[in-house]
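# Report on the structure
Residues per chain, in single letters:
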Amino acid sequence: MERPLIDTVALGEGENPEDAFISRESKASMEKDISAMLSPLEAQILDVFLAGKSYVEIADELSCTTKTVDNALQRIKRKVEKHLGPNGQ
């Protein structure tokens, strides 16, 4: 079953301070790794997508088509899933 992109890149906070710190460190490391593998357009689209904007809003903001947004998000998802491995870790 295919996971939504937001589920692929989102990290939850831990229940205690140690878990929260580890989660923030893991998130920072993941963000750095993901940024390194994305094209500039993919990075822009991901930033706007994670801000909660729709495909149409992203396309308008970045002066591109919704198809460009969809294609970029699909590439991002594949790259992130490949980076996380088969178990999503």
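This report concerns the structure included in the present document. (Residues numbered from 1 in each chain as written. Predicted model: local features only at pLDDT ≥ 70, side-chain atom pairs only at ≥ 80, totals over all residues. Heavy atoms only, no water.)

Let's shift gears to the nonpolar core. Counting residues in each nonpolar core, the largest one holds 15 residues, and the members touching the most others are Ile34, Ile45, Ile58, Val69, Leu73 and Ile76. Put simply, the parts of the chain that give this core at least two residues each are helix H2 (17-37), helix H3 (40-50), helix H4 (55-62) and helix H5 (66-84). Here the element with the most residues in this core is H5; it accounts for 6 residues. (Core = buried A, V, L, I, M, F, W, Y, C linked by side-chain atoms within 4.5 Å. Buried < 20%, exposed > 50% of the residue type's maximum accessible area, 1.4 Å probe, protein only. Helix = DSSP H or I, 4+ residues; strand = E, 2+ residues; numbered from the N terminus.)

What follows deals with the packing of H3 against H4. As a packed pair, H3 and H4 sit with axes 10 Å apart at the nearest point and diverge in direction by 135°. The angle between H3 and H4 falls in the class oblique. In this structure, H3 meets H4 at a crossing whose hand is right-handed. Contacts between H3 and H4 pair Gln44, Ile45, Val48 and Phe49 from the former with Tyr55, Ile58, Glu61 and Leu62 from the latter. When the residues that make up the contact of H3 with H4 are grouped by side-chain class, the tally is 6 nonpolar, 1 polar and 1 charged. (Axes fitted to C-alpha atoms, helices over the stretch in contact; angles between N-to-C directions. Parallel < 35°, antiparallel > 145°, perpendicular 65-115°, else oblique. Left-handed = near helix turned anticlockwise from the far one by under 90°. Contact = heavy atoms within 4.5 Å. Nonpolar A, V, L, I, M, F, W, Y, C, P; charged D, E, K, R; others polar.)

Let's shift gears to H3. When we look at burial in H3, the residues that qualify are Glu42, Ile45, Leu46, Val48 and Phe49. Around the axis of H3, the buried residues are gathered within 170° of arc, so they sit on the same side. Residues of H3 that are exposed and angled more than 90 degrees away from the buried face: Pro40 and Asp47. Two residues or fewer after H3 comes Gly52, characterised by a positive phi angle close to 95°. (Arc of directions from axis to C-beta.)

With that settled, the discussion passes to the pattern of salt bridges. Applying the stated rule across the entire model yields 3 salt bridges. Taking the shortest distance from any N to any O, the salt bridge between Arg75 and Glu42 comes out at 2.7 Å. On the criterion of sequence distance, the pair formed by Arg75 in helix H5 and Glu42 in helix H3 is long-range, its members being 33 residues apart. Owing to a relative accessible area of 31%, Arg75 belongs among the partly exposed residues under this scheme. In this structure, Glu42 and Lys79 form a salt bridge, with 2.7 Å as the shortest nitrogen-oxygen distance. On the criterion of sequence distance, the pair formed by Glu42 in helix H3 and Lys79 in helix H5 is long-range, its members being 37 residues apart. For Glu42, a relative accessible area of 2% translates into the label buried. You can call Lys79 partly exposed: its relative accessible area is 26%. (Salt bridge = Lys/Arg side-chain N within 4 Å of Asp/Glu carboxyl O.)

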